[in-house]
Amino acid sequence: MKEKNKKAPKKKLPRNISPSTLKMINIGGSSLFYIFSFCLLALYRGDFLFRLQELSIFLPTGSFFAEYMTKPAGFLFYISSFLLQLFYYPVLGAFIFTMLLALVQCLVYKSFPLGRNFLLVSLFPSALILLCVTQLDHVIYAMPDQEVVYTYLLGILFTLSLFLLYRSIKPFWAKRFYIILMACLFYPLIGFYALITVLLTALYEILSFRKKEELYVLLVLCLVTILFIPRFYYHFVYDVLNVKCIYFYGLPLRNFEEMLFPRIPVIALFVSLFLLPAFYKIKQSNEITPKTLTLNILAWVSCLLIVIAFTYRDKNFDIQLKMERALSKNDFEEILKIADKTKDVAPNRAILQYRNIALYRKGQLLDKMFTYLHGSAEHKSDSLASVTAMSAHSIFYHYGKLNFSYRWGMEFITKRGLSAEHLKYMAKVAMFNGETALAEKYFDILKQTLFHRKWAEENSVFLYDKNLFEQQEDYKKIYPLTVYNGEFWENSDNVESTNLTFYRDLSGGTREMFEHSIAAALTMKEIKPFMNKFQTFIKINGDKPIPVHLQEAAMLFIDLERIEVANPIKYDQHVVNRYKDFHRMVSVMGANMNEENTKKVQSKFGNTYWYYYFFSNGMKTN
Amino acid sequence: MKIKYLIVVLIAGLFVFTSCSVSVPSDYETVDCCLAAIYPDYQGIVIPVNIAPLNFKIKDEAENYITRIKGDAGEEIIVKGQKVRFDINKWRKLLDANQDKKLNVEIFLQKDGKWYKHRDMEMTVSSDAIDEYISYRLIRPSYVTYDELSIRQRNITNFEERDIYNNTAIGRYQSEQCINCHAYQNYKTDNMQFHARQFNGGTLIVSDGVPEKVNIKTGNLISGGVYPAWHPTEKLIAYSVNSTSQRFHSKDLQKVEVMDSESDLILFDVLKNEVTIIQNDPNAFETFPAWAPDGKTLYYASAYYEPKLNVSKLEEIYTNYKELKYDIFRMSFDPATKEFGEPEIVFQASALNKSATFPRISPDGNYLLFSLGDYGNFHIWHTSADLALIDLRTGELDMMENVNSDNVESYHTWSSNGRWIIFSSRRDDGSYTRPYIAYFDREGNWSKPFILPQKDPDFYKAFFKSFNIPEFMVEPVKLSVKDFAKTLQGETIQATLNGDHAPSAAKSDKSNIY
């Protein structure tokens, strides 16, 4: 008789996992992670890296260095600042960043007895450091400590290197001496990270099998070192330190203060650093069991998934970054290409304004500005970076509001530190204004940089040759926008509102200003100002074709308001036909304008002013 | 073998010696037409005997540069390189040896293998020493935002500099604490003050070396004390109280307009923590108090204001901002009774369609130095602002053409011996305020001003902060940043308003002046 209760034998994984196979898995897994990391940074986040370095600057001068060294961990931030500039070429910057992540993994592996069975666990700190960067969102426009992109990485590298050095010291007396010497020497250089090195050594000693008496001595020494070295520096070395921060210099405190950092990866990073020493207590055998292999691979998968899952994703953020990169090169064609490729994405107000700037520069504003989707999409993160904070310096410049452009450049560098991009705009404004010495100051600073020197050299020649200056494209397009009477503005805290209000209320001005003026009236859906401006436009336009959107708006407003026009307007027949179709379609739908019907209207007329007028509502700007 | 080593060492030593010692070229072509272009410009200036080395950079491009500075007496100094940095000990000896004499600066440039010598630059060493210390606030010329602010002191006989107070020392890392208006009693630092606003705000007053935080705003005062003036002998500080706002020009390159919509004068008794109102005429904007050296007269600026338009006061002020003109007034003061006399106009700038602010009396009491612009009082934003001087004995006005530039000249202060002034100027680039020093000789003549020297001649080019409110001191501030930080985080003493000493000048008397 068969034994009913006898269980079927469990299927076992093959036990023939050779060391070479495991080695391949470890190397392969690590390599794949770094390829992934490189691709993520260079390809997916290339524009983001480029933007990061545009919002900061590195100067190879003594005074630049000295300024960093006035506080602990200044050296760490200085090196970070140096490396940050290499993101000018995102591929290069991503490569270096990835290599340093690999170095972190090596040091983690050497520092903690993970063994080959758990080698891929050593990826965790690297993955979390990577996430600290890829999780950054619009906050980059607001955070003062841009160097944070590298400080975690370099700080951990220093910590692990110093920890390894400690472990290599054998005599007990030398270990004690090392702890104090290391903290004394490195606190000014790396601040907080010197203290956590001491903490790590204490943890290591607790977990390793040291005699109790020696252990107690070391622990007391570690505690005293952590508590008193910063105080010593506070009282006797540095003039100006905040006593509440002396244990934390090295962390991006200004970002922390304003809650401008990705909190979870940062916390997880430091927690992981203090969990890894647990491996000192885990007995590991040489045998490669399926369980250990599974855990090892699981660690690798987790690292990848963590980064993939929590990397910030916001289509508009990506579009904005691409457009800003193109704008930095005055590549308006590229901006419009990006806009064309992303026509189905409801934009944020920065994107919309960049688009309009590009359209104006290509002479297509009044023909195409409403052929794109309009919107006021909010950030997907809880970052409060406003459009004004992000882009006022560039948008005001391109709208001819040079004083306000300068103002926002100055506000940024006051609050966030020197930025290559803001300095460029301030130089251009000063040049426009004939403030030669001021422009020279900004150009001279940029000439000292590695990657912005060329731009400064090319553009500073215009300072001394007015004819040459007046021939360049920027001048030809911007100067006509500056021909207005100056007045007081109580504030210019909302770039879009300021521009729209100014241009809507404008009477007279150059043709270029008029173009913006009529565009503002259309954007604000103000019939009366538009009709007044339109009448003027007809007079000065002569027999030239009327831009499409003006025809659309005129047709609509005349119909809506039953306006009597003095002279017949030469509409294009296709615009007339389209309006009839639109009118018919909307009339049929009537009160039944639900989401489905709206989409139908959008699919047919989404590229008209009519659609914008009736269906693009509730726009908010900041 | 030993001899061989000795020879090697000797040759090496000779090499090092010859490469370190510099001499001027013996064969050169003279370029008489012009001076070598240098930055900063130190040509034709008068310098105090105890000033730090006037390091400069030769702007002309060349392969090699040699600079020699020499006087009739003392040892010449020869320096190699485009950046000319003088050894401080040699510099001091040279200046000591050439008091009230000229120094010649010869600049040699090597181009295409040939040496050229430009026309000699000259500077005169005055035996009148300058006060050893100055203090200033460092601030970016921003509009609304600010970040790290510091009040720093600098020893101008060398390059030593340190923070008196820095707003990052307190509270949050990026503290929202504005600091300003440092002021000293009679150039000494045992009695001094500055304001901290917003976070842990208050006026920090040091009295006999002991710091305290005081809230001067009391009663119906417009604000706490703003622009301070320590009485030269008594523990009294005159303040303006102001309601200040600003607006931004959309086009004008002067960019920012700062206006008071109200301002009055008060007297703060440091020992009693008591405020007395000096002047609070609603039709006048009294501000910028300054004491005469004997402490018996208070000078101030005042503008008459009468509403004309049917709009808010603020709107009207900004609509007619160019019509607001300040004049200089004074009132006698009895330190014993703390009574003020009648206001008396000293300089009616408004009659010249100008606006005068920042009165400062020379230590000998003979001269009134002030800032004169086209309108308003916040002259740091007015390119029309110049320094002007009135001889109080004769009433003669000196427009100080040798001192002024076509850009802003504003905040100024006398040295304790009355021979030097330091003032704020934006002549370098129109945006960043720099401290300039000028000499005033016994005959009442001004020398060409020069910028405060820095160790690195390129310092100002790469420095993105303005030097605000330069003030002379004869000694350093002895308290540390930590001392001030501790006080600011401590208790605040509330000042009280003393109603017994209301201003004796009636409103109707005031309006007669206009």
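Residues numbered from 1 in each chain as written. Chains lettered and ligands numbered in written order. Predicted model: local features only at pLDDT ≥ 70, side-chain atom pairs only at ≥ 80, totals over all residues. Heavy atoms only, no water.

> Can you lay out the overall build of chain B for me, pointing to particular residues and giving the numbers?
Summing up its helical and strand segments, chain B has five helices and 37 strands in all. Relative to a compact globule of 514 residues, whose C-alpha radius of gyration would be 24 Å, chain B shows 26 Å and is just as compact. On the principal axes, the C-alpha backbone points of chain B span a range of 95 × 50 × 45 Å. Expressed as a percentage of the 514 residues in chain B, the buried residues total 56%. Put simply, of all contacts in chain B between residues at least 6 apart along the chain, 60% involve residues at least 24 apart. As presented, chain B carries roughly 20700 Å² of accessible surface, and 49% of it is formed by carbon and sulfur atoms. (Helix = DSSP H or I, 4+ residues; strand = E, 2+ residues; numbered from the N terminus. Rg over C-alpha atoms; globule rule 2.2 N^0.38 Å. Buried < 20%, exposed > 50% of the residue type's maximum accessible area, 1.4 Å probe, protein only. Contact = heavy atoms within 4.5 Å. Areas by Shrake-Rupley, 256 points an atom, 1.4 Å probe, with all protein chains shown as cover.)

> Mind laying out the environment of A:K368, listing which residues take part and the relevant values?
All names here are of chain A. Along the chain, K368 falls in helix α17 (residues 365-368). On the basis of relative accessibility, which here comes to 35%, the residue K368 falls in the partly exposed class. Expressed as a C-alpha distance, the spacing of K368 and R355, which sit 13 residues apart in the sequence, is 9.9 Å. Those residues in contact with K368 that sit more than four places away from it in its chain are L359 and H549.

> Kindly report on the domain arrangement of chain B, identifying the contributing residues and their values.
Where the parts come together, the accessible area they lose is often given as the size of the interface. Residue and element names in this part refer to chain B. According to the domain assignment, chain B contains domain 1 (23-126) and domain 2 (133-497). The gap between the C-alpha centroids of domain 1 and domain 2 is 36 Å. With 24 residues of domain 1 in contact, the opposing surface of domain 2 contributes 22 residues. With both sides pooled, the region where domain 1 packs onto domain 2 buries about 1900 Å², and carbon together with sulfur makes up 60% of that total. Counting every contact that joins domain 1 to domain 2 gives four salt bridges. The salt bridge involving K57 is made with D458; its shortest N-O contact spans 3.2 Å. (Domains from an automatic or database assignment. Buried area = accessible area lost by both parts, 1.4 Å probe. Salt bridge = Lys/Arg side-chain N within 4 Å of Asp/Glu carboxyl O.)

> How would you explain empty space enclosed by the protein if you had to name every residue and give the values?
Residues and elements named next belong to chain A. Inspection of every chain in the model, using the stated rule, returns six cavities of 30 Å³ or more. Of the volumes computed, that of the largest cavity is approximately 160 Å³. Lining of the largest cavity is provided by 14 residues; of these, N356, Y399, L500, A520 and T523 occupy positions nearest its centre. Of all the secondary structure elements, the ones that give two or more residues to the lining of the largest cavity are α16 (349-361), α25 (495-505) and α26 (511-523). Of the residues that constitute the lining of the largest cavity, the class distribution is eight nonpolar, five polar and one charged. (1 Å grid on protein atoms, 1.4 Å probe; cavity = no way out; pocket = protein on both sides within 12 Å on 5 of 7 lines; lining within 4 Å. Points joined across faces, edges and corners; volume = space filled by probe spheres on them. Nonpolar A, V, L, I, M, F, W, Y, C, P; charged D, E, K, R; others polar.)

> Give me the sheet that holds strand β31 (residues 409-414) of chain B: which residues, what numbers.
Residues and elements named next belong to chain B. Strand order in the open sheet made by the four strands is β31-β32-β33-β34, with antiparallel pairing throughout. The open sheet has two free edges, formed respectively by β31 and β34 (450-451), since each of these has just one partner strand. Pairing of strand β33 (residues 434-439) with β34, which is carried by two bridges, proceeds in the antiparallel orientation. Counterpart to Y436 in the pairing with β34 is I451. (Pairing = 2+ DSSP bridges.)

> Lay out the pattern of salt bridges in plain terms, naming residues and giving numbers.
Evaluation of the coordinates by the stated rule reveals 41 salt bridges over all chains. Put simply, A:R504 and A:D505 hold a salt bridge, and the shortest N to O gap is 2.8 Å. A salt bridge links B:E76 to B:R68; the shortest N-O distance between them is 3.6 Å. Owing to a relative accessible area of 32%, B:E76 belongs among the partly exposed residues under this scheme. The buried category is assigned to B:R68, whose relative accessible area is 16%. Put simply, B:K57, B:K83, B:D456 and B:D458 are held in one network by salt bridges that share partners.

> Describe the packing of aromatic side chains, listing the residues and the values that go with them.
Residue and element names in this part refer to chain A. Overall, the coordinates contain 97 aromatic pairs over all chains when judged by the stated rule. An angle of 80° between the planes, with centres 5.4 Å apart, marks the rings of F58 and F64 as edge-to-face. For the residue pair F58 and F64, the accessibility class agrees, reading buried in each case. Centre to centre, the rings of Y68 and Y78 are 5.8 Å apart; their planes meet at 75°, and the pair counts as edge-to-face. (Phe/Tyr/Trp six-rings, centres within 6.5 Å; stacked < 30°, edge-to-face > 60°.)

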